[in-house]
Amino acid sequence: MNQKEYSPLIESSETGSKDCLQADKYQLYKRRWYILSVYTAIVLICNLTLNTWAPISEPCKIIFGWENWQVIFIVNWTPLCMLVSAGPSIWMMDKKGLRASVILCTFLLTAGKVFQVIPSSDPLTRTILLNIGQCISMLSTPVGLGAPPSISATWFPPKERTTATAISTLFAYLGVACAFVVGPYLVPITKRVHIGSVDVAFTNHTVYDIETMTTNLSEYMGIQLGISALLLVCVLVYFPDKPPLPPCATSSDRVHESKQEFKTLISDYRFLYLGFLFGISFGIYFGWLGLLALAVRPFGISESLAAWIGTASVVAGIFSGIIIAR
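Throughout what follows, the structure given in this document is the object of discussion.

The rules behind these values
- Residues numbered from 1 in each chain as written.
- Predicted model: local features only at pLDDT ≥ 70, side-chain atom pairs only at ≥ 80, totals over all residues.
- Heavy atoms only, no water.
- Buried < 20%, exposed > 50% of the residue type's maximum accessible area, 1.4 Å probe, protein only.
- Helix = DSSP H or I, 4+ residues; strand = E, 2+ residues; numbered from the N terminus.
- Arc of directions from axis to C-beta.
- Salt bridge = Lys/Arg side-chain N within 4 Å of Asp/Glu carboxyl O.
- Phe/Tyr/Trp six-rings, centres within 6.5 Å; stacked < 30°, edge-to-face > 60°.
- Axes fitted to C-alpha atoms, helices over the stretch in contact; angles between N-to-C directions.
- Parallel < 35°, antiparallel > 145°, perpendicular 65-115°, else oblique.
- Contact = heavy atoms within 4.5 Å.
- Nonpolar A, V, L, I, M, F, W, Y, C, P; charged D, E, K, R; others polar.

**Looking at helix H3 (residues 68-75)**
Among the residues of H3, those classed as buried are Gln 70, Val 71, Ile 74 and Val 75. Here the buried residues of H3 occupy an arc of 140° about the axis, which is enough to place them on one side.

**Things to note about the pattern of salt bridges**
Under the counting rule described, the total for this entry stands at 2 salt bridges. A salt bridge links Glu 160 to Arg 32; the shortest N-O distance between them is 3.1 Å. Residue Glu 160 is found in helix H9 (residues 158-170), and its partner Arg 32 is found in helix H1 (residues 32-50); the two are separated by 128 residues along the sequence. Judged by relative accessible area, which is 17%, Glu 160 ranks as buried. Lys 61 serves as the salt-bridge partner of Glu 58, at 3.3 Å between the closest nitrogen and oxygen. Of the two residues, Glu 58 and Lys 61 both sit in helix H2 (residues 57-64), 3 residues apart, roughly one turn of that helix. Given a relative accessible area of 13%, Glu 58 falls into the buried group.

**Remarks on the packing of aromatic side chains**
In this description, an aromatic ring pair is defined by two values, namely the gap between the centres and the angle between the planes. For the structure on display, the rule yields 5 aromatic pairs. When the centroid spacing of 5.0 Å and the interplanar angle of 75° are considered together, the rings of Trp 33 and Phe 156 count as edge-to-face. Of this pair, Trp 33 sits in helix H1 while Phe 156 sits in the loop between helix H8 (148-155) and H9; the two residues are 123 residues apart in sequence, bridging distant segments of the chain. For Trp 33, a relative accessible area of 37% puts it in the partly exposed group. The interplanar angle of 80° and the centroid separation of 5.5 Å between the aromatic rings of Phe 73 and Trp 77 together place this pair among those described as edge-to-face. A relative accessible area of 41% means that Phe 73 is categorised as partly exposed.

**Let's talk about the packing of H1 against H9**
Contact pair H1 / H9: the axes reach a minimum separation of 9 Å and the direction vectors enclose 30°. Between H1 and H9, the angle falls in the class roughly parallel. On H9, the residues touching Arg 32, Trp 33, Leu 36, Tyr 39, Thr 40 and Val 43 of H1 are Glu 160, Ala 164, Ile 167 and Ser 168. The residue inventory of the contact of H1 with H9, partitioned by class, reads 6 nonpolar, 2 polar and 2 charged.

Shown next, in the form of structure tokens:
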């Protein structure tokens, strides 16, 4: 048996969890759940922003005259911005700590939403503003998607880390599910009236209908801006890099040799293999969800039904992940 298969990728000099919760060196703080809750809310709104446009692609086509490629373009800001900001975000989390990284993440989310609520009667101008805002917001995704292990290792003892990581990671995807439900609800495509027990949809859009959808879209962006701004305030008020005392020895500070650790990782075939598998599955998953409404439309599946399909798949993944984590 190859012993290397079971050795850690990066060796640690820390002692095990048996030293946890020694009164003079370590302490477990209840505020760790506040930190986890705030961070989970941040990544939830980050994922909602990530999945904002596909579920409301049809209203956007009506309002702005978008084609399918324009919907795909605004959705693709997520992977493009992740490629650009991944390196700086990793460096910042490693060198500047959690507080600075999460503040920047939340600030970028809020700043992007500011651009997206700027009104304009010109469809092209509004489209440009929406794309600029989406680009800025998506620069925050590496911290939003990558910090859960760091938060759980810093604030939680070993026996709670798997659960804490699962909560902050999997419940963040609730934002993706919320976008499928909230988007079409707040920015509906058609008006519906009830004639007896029959739900009748009107698809002929008047100027008034377009103005109503435009207002609804602005309100949707405003809600996202308000939530992002509130979370930014929460982080500014209290979100320290680490607790006064670590919960256990494995949470204690140690010297990071980033360059050496990076070289160790990229030269280890196990890391490259895991990274490749995760990248393929992650990319397919988000690519499928991000363009679900467009992908299934040729099969006669409505945007509303596509939204519920996406919601069901995300929610199933969330709860199965939590169960497995326990």
